[in-house]
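Descriptive analysis of the structure
Each chain, letter by letter, is given below.
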Amino acid sequence: MSTAGNKSAPVFGIAAEFSCARDLYHAAEKIRDAGFRKWDVFSPFPIHGMDEAMGMKRSLLGKIVFLGGLTGFFTAVTLEFVPTSFLYPLIVAGKPTNLFTVPAFFPIMFELTILISAFTAVFGMLIMNGLPRLNHALFNWDRFKKVTEDKFFVAIESGDPKFSERSVRDLLESLGGTNVTTIHGD
Amino acid sequence: MSDHHQDSPQTFDYKHVGGRFLGLVATALVAYIAVFVGAGYDPAQFAFSYLFAFTFFLTICMGGLFWILVHHAVDAEWSVVVRRQLENIASLLPVLGLLFVPLVFVAPQLWQWMRPENAHDPLLLEKWPYLTPAFFWGRAAFYFFFFTVAAVWLRANSILQDKDGAPRYTVFNRRITFASLPLFAVCLTFGAIDWLMGLDYHWFSTMWGVYIFAGTALSSLCVLVLLITALRGAGYFRNIISVEHYHIIGKLMFAFTVFWAYIGFSQYMLIWYANIPEETIYFLRRNTESWQILSTALVVGHFFVPFLLLLPNPGKRKPAFLCGVAVWILLMHLLDIYVVVLPALHKAGVALSWMDFACLAAVGCTLAAVFLKRLGDAPLWPLRDPRLPNSIALKN
């Protein structure tokens, strides 16, 4: 029974090592089919089709970004029309405020839509990924450092409703995982 | 790869065309005769109608060449399965070079700077020697020379590779592409300037070339979608082209819809805001009288409608839906070219002529007939391209 981290601390989960992307991919399919929810795979490079193998649904982020874009668009509309059409109407270059002079406002509407969308995308992605964070329980395991070189890992977290140390350990071993290790927190 | 090929024929069988080939040739002939007679009565209307039809099809074929060049330049994988069809579209460019010839006879109708009464216009003298007949026709010859060499050469190498599968053809085509890309940009830009911007030699826009290019890249994608769907419907490309390929083409259609709007608006905005008479004349004419309706329809139909249709993900993965959008965009592209060309003749407002349609039929049927010939000449996709397996196995 190999372990990593502080043994008196609560168990983060159980991790296993794989030597190639294909093994990791097939292991992910089996873990998905076994019905686990809180688990993740780690690899030195992106693996095509891994989302499907893990049974991940389409991210919610796109819809949030759409709302961000709408916010940007309406911010621009308000900031442009309220002052120049109502509070302090101006005629610039012989162009009064009406429907035919609205092109002058388009660049701002466009830019703010893009700006707020981009901000929503970047910061929304960070928040949904739980980033930034300073440390992770998996870093307690020395072998895990190989994840940025040539090794592939799976970790099933103890927070999963189907988690039990024995069955998870057996599952990971049956999938061909090596160095199956119980990871404790700090 | 043999297991992929077994259930889908590699070459086009003319039984799917049947008598329609003769129908195309007959329609083209009738249209040419009608247009020839019409040209005798109203040479100006003929000149503009013909330029309108010619430009519509030229942009589509130039777009085919553009996508081949991009494919080779970035060493693309996904587009291998559709590349032969793009090559077939681009191989119509030499035919368009021949179809350009009628314009030589009506040139002064189109390009007013060629007329003797304008010879002493100071604004024309400022544009010497760019706007001189010798240089003008020399440029046109060069554009078509380049288009022909690039399209025919790339296609020939691609077909040679079908026999022995040698990777050197891929590498060689990449070299041709690196030499061709800058020339393509020059030929498209100056072609657009010479033939379309030149309709009013006082007027100029620095964004003209890229505006025409935006429509070029978009319309050729629409033709590609319709083409591969028709071929799939006839039983070809089974296990070769999947919805993943449609999805990518759909994404590119979306991108170039936005690009067209971005460029179109940028051009409008700069001219409208600066408010210099010799620049605003272009939009004044198109935003007044009945042209206003068509210009507004263009903004809604060429941008907002396809933008909203192509924005959600699922539609791009449905071939039938994507074909509907492609037909719509092609109609809008036709309208776009119409609003570019015809207001230079009908300054008082929209005036449709039967010759607009006859010229479209003449040029379109000619190109369609030649295309059918090209379709059967070579396998439907690059059979032994080194990247073919990866292209077939595409995942988005």
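Okay, so let's go over this structure. (Residues numbered from 1 in each chain as written. Chains lettered and ligands numbered in written order. Predicted model: local features only at pLDDT ≥ 70, side-chain atom pairs only at ≥ 80, totals over all residues.)

Considerations on the overall build of chain A
We count it as follows: Strands here are runs of E lasting at least two residues and helices are runs of H or I lasting at least four, both read from the DSSP assignment and numbered beginning at the N terminus. The quantity called the radius of gyration is restricted to C-alpha atoms. Its globule counterpart is 2.2 Å times the number of residues to the power 0.38. Residues are called buried when their C-beta atom has 20 or more other C-beta atoms within 10 Å, exposed when it has 12 or fewer, and partly exposed otherwise; all C-beta atoms are positioned from the backbone.
Assigned secondary structure in chain A consists of 5 helices and 5 strands. Along the chain direction, N to C, the helices and strands of chain A fall in the order β-β-α-β-α-α-α-β-α-β. Taking 186 residues into account, the globule formula puts the C-alpha radius of gyration at 16 Å, and chain A, at 25 Å, lies well above it. Its C-alpha atoms give chain A principal-axis dimensions of roughly 80 × 35 × 30 Å. A buried classification covers 23% of the 186 residues belonging to chain A.

Concerning the pairing of strand E3 (residues 39-42) of chain A
Within a regular strand, side chains alternate between the sheet's two faces. Residue and element names in this part refer to chain A. The criterion, for reference: For two strands to pair, DSSP has to find at least two bridges joining them.
Burial along E3 is one-sided: Trp39 and Val41 are buried, while Asp40 and Phe42, pointing the other way, are not. Inspection of the sheet shows E3 paired to strand E4 (residues 152-157) by 4 bridges, in the antiparallel sense. Paired with Asp40 across the bridge in E4 is Ala155.

Concerning the sheet that holds strand E5 (residues 178-184) of chain A
Residue and element names in this part refer to chain A. What counts is decided by this rule: As a rule, the C-alpha atoms of each element are fitted with a line to give its axis, helices using only the stretch in contact, and angles between N-to-C directions run from 0 to 180 degrees. Contacts are defined on C-beta atoms placed from the backbone: any two residues whose C-beta positions lie within 7 Å are in contact.
Taken in spatial order, the 5 strands line up as E1-E5-E2-E4-E3 in an open sheet, and their pairing is mixed. What marks the edges here is a single partner per strand, and that holds for strand E1 (2-4) and E3. Direction aside, neighbouring strands of the sheet carry axes that sit 25° apart on average. Packed on one face of the sheet, helix H1 (residues 21-33) meets strand E2 (11-18), E3 and E4 and runs near 20° to E4. Contacts between helix H5 (residues 165-174) and the sheet are confined to E2, E4 and E5, with E2 contributing the most and set at about 10° to the helix.

Quick word on H5(A)
All names here are of chain A. Rules: The arc in question is the one spanned by the directions pointing from the helix axis to the C-beta atoms.
Residues of H5 that are buried include every one of Val168, Leu171 and Leu172, and no others. Relative to the axis of H5, the buried residues are bounded by an arc of 95° and lie together on one face. Exposed side of H5, more than 90 degrees from the buried face: Arg166, Asp170, Glu173 and Ser174 are the residues found there. The inward-facing, buried residues of H5 abut E2, E4 and E5. Gly176 sits one or two positions beyond H5 and adopts a positive phi of about 95°.

Side note on the environment of Met197(B)
Residues and elements named next belong to chain B. Turning to its location among the elements, Met197 is positioned in the loop between helix H10 (168-195) and helix H11 (208-233). A count of 19 C-beta atoms within 10 Å places Met197 in the partly exposed class. In the structure, Met197 is positioned 85 residues away from Tyr282 in sequence and 9.6 Å away in space, judged by C-alpha atoms. Residue contacts for Met197: discarding those within four places in its chain leaves Ala192, Trp203, Phe204, Ser205 and Trp208.

Let's talk about the interface of chain B and chain A
Note the threshold: Three classes are used: nonpolar for Ala, Val, Leu, Ile, Met, Phe, Trp, Tyr, Cys and Pro, charged for Asp, Glu, Lys and Arg, and polar for all others, with Gly counted as polar.
In this complex, chain B contributes 7 residues to the contact, which on the side of chain A involves 6 residues. Residue composition of the side of chain B that touches chain A, grouped by class: 5 nonpolar, 1 polar and 1 charged.

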